[in-house]
Amino acid sequence: MADAHDESAALDTAALEVLLAGSRLGHPLIYLPAVESTSTEAMRLAREGAPDGLLVTTDDQTRGRGRMGRVWHALPGELLALSLVLRPNFPPHVLIMAVALSVAAGIERATGLRPGIKWPNDVLIGGRKVCGILIEASGDVTVVGIGINVTGSLAEHPELAARATTLAEQVGRPIAREAVAAAVIRALDREYRQLRDGGEAARVAVRATWLERLVTIGQRVSIQQGERTITGIAEGVDDDGALLVRQDDGRAHTILWGDVEAIGG
Ligand code: BTN
């Protein structure tokens, strides 16, 4: 295992392989010291016929991509960048829930922290983002991209520190990226198997567990959809995972996409 105190060390892929023994997801494991985007690479490999479960990971993602066409910045070696190739036989909104849930559960297992989920799939600790998830589909292939701020500190980046944090900052000690990666992938492996084989009952179970972690419900929120802003109370989530928001004037909105921020008042 990589020295947990050497935060600049390359990912220890041999240790990660050992930690992933028995998991269907995470194999084959493709490690690239640097790559533009693990998700772009995973999609390229999937189009060439890569199997379900293939994982692309790196230490230095030079053009990481975020939701809604944004750039995903990370310091080399401090981010855990994981992209998995999947071919789910269940709806995308269920996969979104399963991935956020697995990241939260994996982080909890690896660190003892109790993350929450901000709709639709940001993972937060103490109200600050610790993980972003990008899910992209093309034909029958879905690439799940997961970026977790594991090591390092955002103290020198006040504009980021207001909204984001790292696992190491939250637990007050260095955290090995291999342990977090394995815990997250193993959690997703379990959820994915259950969803693939378990039909409607498995979907209902995932939704219920996701709702328990969802911190957005009951909050006063502002939702940015391009130029449009909607402000109101997040009252619930419909059967397809859309956020139900009621404005102060009573108007109801079904939110399918956008950036959600909790606001006071
Ligand atoms: C977000 O906007 O919150 C989603 C960020 C997703 C970042 C991850 S890092 C691994 C994978 N590769 C990418 O280029 N993006 C995702």
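Look above for the structure.
Residues numbered from 1 in each chain as written. Predicted model: local features only at pLDDT ≥ 70, side-chain atom pairs only at ≥ 80, totals over all residues. Heavy atoms only, no water.

A.B. asks: Describe the site of the ligand, listing the residues and the values that go with them.
C.D. replies: Among the 20 residues in the neighbourhood of the ligand, the closest are listed as Ser37, Gln61, Arg65, Arg67 and Lys129. Interatomic distance of 3.4 Å between a side-chain N/O atom of serine 39 and a nitrogen atom of the ligand. A distance of 2.7 Å is found between a nitrogen atom of the ligand and a backbone nitrogen or oxygen belonging to arginine 65. Bound to the protein, the ligand loses 98% of the 420 Å² it would expose on its own. Those elements that provide at least two residues to the shell around the ligand are helix 2 (38-47), strand 3 (79-86), strand 6 (128-138) and strand 7 (141-149). Tallying contributions element by element places strand 6 first for the shell around the ligand, with four residues. Of the residues contributing to the shell around the ligand, the split by class is six nonpolar, 10 polar and four charged. (Near = heavy atom within 4 Å. Polar contact = N/O pair within 3.5 Å; in protein donor to acceptor, adjacent residues only side chain to side chain. Areas by Shrake-Rupley, 256 points an atom, 1.4 Å probe, with all protein chains shown as cover. Helix = DSSP H or I, 4+ residues; strand = E, 2+ residues; numbered from the N terminus. Nonpolar A, V, L, I, M, F, W, Y, C, P; charged D, E, K, R; others polar.)

A.B. asks: Residues and numbers for the environment of serine 39, please.
C.D. replies: Within the secondary structure, serine 39 sits in helix 2. Sequence separation between serine 39 and glycine 64 is 25 residues, and the spatial gap between their C-alpha atoms is 8.3 Å. A distance of 2.8 Å separates polar atoms of two side chains, one belonging to serine 39 and the other to serine 83.

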